[in-house]
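Here is what each chain is made of, one letter per residue.
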Amino acid sequence: AAEVATVAAVHPPWHGNIARFGAAVDACQRASRWREALFLLSTAGIHGVRPDARSKTAVALGCARAGQWAWSLELLLGRSAAEPP
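Because the structure is predicted, anything quoted here is derived from the model rather than measured. Each chain has its residues counted from 1, running along the sequence as written. Local features in a predicted model are, by the rule used here, given only for residues with pLDDT of at least 70; side-chain atom pairs are given and counted only at 80 or more, and totals for whole chains, interfaces and linings are based on all residues. The side-chain figures draw on all heavy atoms in the structure; neither hydrogens nor water molecules are used.

### A closer look at the packing of helix 2 (residues 18–30) against helix 4 (residues 53–65)
The following threshold applies: Axes here mean lines fitted to C-alpha atoms, for a helix over just the part in contact, with angles spanning 0 to 180 degrees between N-to-C directions. Helix numbering and strand numbering both begin at the N terminus, where a helix is a DSSP run of H or I of at least 4 residues and a strand a DSSP run of E of at least 2. Roughly parallel means an angle under 35 degrees; roughly antiparallel means over 145; roughly perpendicular covers 65 to 115; every other angle is labelled oblique. Here a residue-residue contact requires only that any non-hydrogen atoms of the pair lie within 4.5 Å. Note that Gly is not counted as nonpolar here; it falls among the polar residues with everything else outside the nonpolar set of Ala, Val, Leu, Ile, Met, Phe, Trp, Tyr, Cys and Pro and the charged set of Asp, Glu, Lys and Arg.
Where helix 2 meets helix 4, the axes come as close as 9 Å, and the angle between the chain directions of the two elements is 10°. With respect to helix 4, the axis of helix 2 lies roughly parallel. Listed contacts from helix 4 to Ile-18, Phe-21, Gly-22, Val-25, Asp-26 and Gln-29 of helix 2 are Arg-54, Ser-55, Ala-58, Val-59, Leu-61, Gly-62 and Arg-65. Here the contact of helix 2 with helix 4 is built from residues that sort into six nonpolar, four polar and three charged.

Laid out in structure tokens, this is it:
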């Protein structure tokens, strides 16, 4: 899952496809790759995808599991994801 998460972040095979985007976000979340998940979320619009609530929740869950509560709360409160430090 970690390899899939990294590849998806660098070479998005999901351009314009919300189902593939969701799968990439889920892969990041399962692999504990919260930074990559945030990156995917923050650049989704550039790649023709409008993230849905499920995708945002998956990213928030990944952040929370990694102890990144500030990012998780930002997402759950409906604020946009910015690139993490």
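### Thoughts on the nonpolar core
Which entries qualify depends on this criterion: Residues belong to a common nonpolar core when they are buried Ala, Val, Leu, Ile, Met, Phe, Trp, Tyr or Cys residues joined through side-chain atoms within 4.5 Å. Only protein chains enter the accessibility calculation, which uses a 1.4 Å probe; a residue is then buried when its area is under 20% of its type maximum, exposed when over 50%, and partly exposed in between.
Of all hydrophobic cores here, the largest spans 17 residues; its most connected members are Phe-21, Val-25, Leu-38, Leu-40, Val-59, Cys-63 and Leu-75. Elements with a minimum of two residues in this core: helix 2, helix 3 (34–43), helix 4 and helix 5 (69–76). When residues in this core are grouped by element, the largest group, five residues, is from helix 3.

### Describing the pattern of salt bridges
Condition: Any Lys or Arg side-chain nitrogen found within 4 Å of a carboxyl oxygen on Asp or Glu counts as a salt bridge.
If you walk through the whole model with that rule in mind, you get two salt bridges. Residue Asp-26 is joined to Arg-54 by a salt bridge in which the shortest nitrogen-to-oxygen separation is 2.7 Å. Here Asp-26, found in helix 2, pairs with Arg-54, found in helix 4; they are 28 residues apart in sequence, far enough to count as distant. For Glu-36, the salt bridge identified is with Arg-33, shortest N-O distance 2.8 Å.

### Notes on unusual backbone geometry
Phi is positive for Ser-32, which is not a glycine, with a value near 60°. We classify Ser-32 as exposed; its relative accessible area is 57%.

### Some remarks on the environment of Ala-37
Tracing the backbone through its elements, the reader meets Ala-37 in helix 3. Exposure remark for Ala-37: the relative accessible area of 3% places this residue in the buried category. Apart from residues no more than four positions distant in its own chain, Ala-37 is found in contact with Cys-28 and Val-59.

### Thoughts on the packing of helix 3 against helix 4
The criterion, for reference: Helix crossings get a hand from a simple test, with the near helix turned counterclockwise from the far one by less than a right angle marking a left-handed crossing and a clockwise turn marking a right-handed one.
Running from N to C, helix 3 and helix 4 cross one another at 155°; their axes reach a closest spacing of 9 Å. As judged from the angle between their axes, helix 3 and helix 4 are roughly antiparallel. Crossing angle aside, the handedness with which helix 3 passes helix 4 is left-handed. Contacts between helix 3 and helix 4 pair Trp-34, Ala-37, Leu-38 and Leu-41 from the former with Lys-56, Val-59, Gly-62 and Cys-63 from the latter. Residues belonging to the contact of helix 3 with helix 4 are distributed by class as follows: six nonpolar, one polar and one charged.

Bear in mind that shape data such as this cannot, by itself, settle questions of function.
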